[in-house]
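Here's the letter readout for the chains.
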Amino acid sequence: MIPTVFFIAVINVVVTLFWPDGEVHVIDAASGRIVFCEDATPGTYALGRARIDSDLNETVVSPIVDIVTGLGRNTFTVTCTSRNCIVFDPARGLFTLAVRDAAGRQYSESVALNRAGTEMLSVSFVAEEAGEGKFRISATSIR
């Protein structure tokens, strides 16, 4: 009986320490410009990376500011990393890449990481008009 009561008390302490009351949201976002040109070749472009470190309660987005590409099929990628070293840490990471073409159409992808790891976000589309587009990378840490 005593070992069971002790075990339940230890579990309650662990839950209280690792699952605090309420949710904490740490958000970072950054954006950049994409120029679609008729005389450039379309391709695949890394737009930057996003990282969440729940141990440091830190969210960082590091974009490449300007991209010049051609009309046609383009692919844009972002490397997303979640660092979660504590076993019972309930932090989750939500990453989103949104790209607007020169006509203002938006294409986006999101990924949620519930534990430590790395994922690649990718958005592909056919650019039909020359002009300036934009992209936005966001990372949210949710507890």
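Because the structure is a prediction, the values reported are computed rather than measured. (Residues numbered from 1 in each chain as written. Predicted model: local features only at pLDDT ≥ 70, side-chain atom pairs only at ≥ 80, totals over all residues. Heavy atoms only, no water.)

## Concerning the packing of aromatic side chains
Alright, step 1. For the structure on display, the rule yields four aromatic pairs.
Alright, step 2. Chaining the aromatic ring pairs together yields one cluster made of F36, Y45, F76, Y107 and F125. (Phe/Tyr/Trp six-rings, centres within 6.5 Å; stacked < 30°, edge-to-face > 60°.)

## Points about the nonpolar core
Alright, step 1. Ranked by size, the top nonpolar core spans 24 residues in total, and within it L47, F76, F95, L97, V99 and I137 carry the most contacts.
Alright, step 2. Elements with a contribution of two residues or more to this core: strand 1 (25-37), strand 2 (44-53), strand 5 (72-83), strand 6 (92-100), strand 7 (106-113), strand 8 (117-127) and strand 9 (131-142). (Core = buried A, V, L, I, M, F, W, Y, C linked by side-chain atoms within 4.5 Å. Buried < 20%, exposed > 50% of the residue type's maximum accessible area, 1.4 Å probe, protein only. Helix = DSSP H or I, 4+ residues; strand = E, 2+ residues; numbered from the N terminus.)

## Concerning the side chain of D101
Alright, step 1. For D101, the location among the structural elements is in the loop between strand 6 and strand 7.
Alright, step 2. A polar contact of 2.9 Å, which involves the side chain of D101, links it to the backbone nitrogen of R105.
Alright, step 3. Ignoring any residue separated from it by four or fewer positions in sequence, one finds D101 in contact with F36, Y107, F125, E132 and G133. (Polar contact = N/O pair within 3.5 Å; in protein donor to acceptor, adjacent residues only side chain to side chain. Contact = heavy atoms within 4.5 Å.)

## Digging into the pattern of salt bridges
Alright, step 1. Here the structure, examined in full by the defined rule, presents four salt bridges.
Alright, step 2. The partner of E132 in a salt bridge is R33, and the shortest N-O contact between them spans 3.3 Å. Separated by 99 residues along the polypeptide, E132 in strand 9 and R33 in strand 1 bring together distant segments of the chain.
Alright, step 3. Owing to a relative accessible area of 44%, E132 belongs among the partly exposed residues under this scheme.
Alright, step 4. The class of R33 is partly exposed, set by a relative accessible area of 34%.
Alright, step 5. When the shortest N-O distance is used, the salt bridge between R105 and E128 registers 3.9 Å. Of the two residues, R105 sits in the loop between strand 6 and strand 7 while E128 sits in the loop between strand 8 and strand 9, which places them 23 residues apart along the sequence. (Salt bridge = Lys/Arg side-chain N within 4 Å of Asp/Glu carboxyl O.)

## Here's the deal with the environment of P63
Alright, step 1. By the secondary structure assignment, P63 is in strand 3 (residues 58-63).
Alright, step 2. Looking at P63, the relative accessible area reads 29%, which means it is partly exposed.
Alright, step 3. Each C-alpha atom of the pair P63 and L47 lies 5.7 Å from the other, and the pair is 16 residues apart in sequence.
Alright, step 4. Look past the residues within four positions of P63 in its chain and what remains in contact with it is A30, S31, L47, G48, F135 and I137.

## Some details on the side chain of T75
Alright, step 1. Within the fold, T75 resides in strand 5.
Alright, step 2. Judged by its relative accessible area of 16%, T75 is buried.
Alright, step 3. The contact partners of T75, leaving out residues within four places of it in the chain, are G43, T44, Y45, S122, V123 and S124.

## Some details on the environment of R105
Alright, step 1. Assessed through its relative accessible area of 35%, R105 is described here as partly exposed.
Alright, step 2. Spatially, the C-alpha atom of R105 lies 9.9 Å from that of A127, the residues being 22 residues apart in sequence.
Alright, step 3. Residues in contact with R105, not counting those within four places in the same chain, are V99, R100, E128 and E129.
Alright, step 4. At 3.4 Å, the side chain of R105 forms a polar contact with the side chain of Y107.

## A word on the environment of R73
Alright, step 1. Within the fold, R73 resides in strand 5.
Alright, step 2. Residue class for R73 comes out exposed when judged on its relative accessible area of 54%.
Alright, step 3. The sequence separation of R73 and P42 amounts to 31 residues, and the corresponding C-alpha distance is 6.1 Å.

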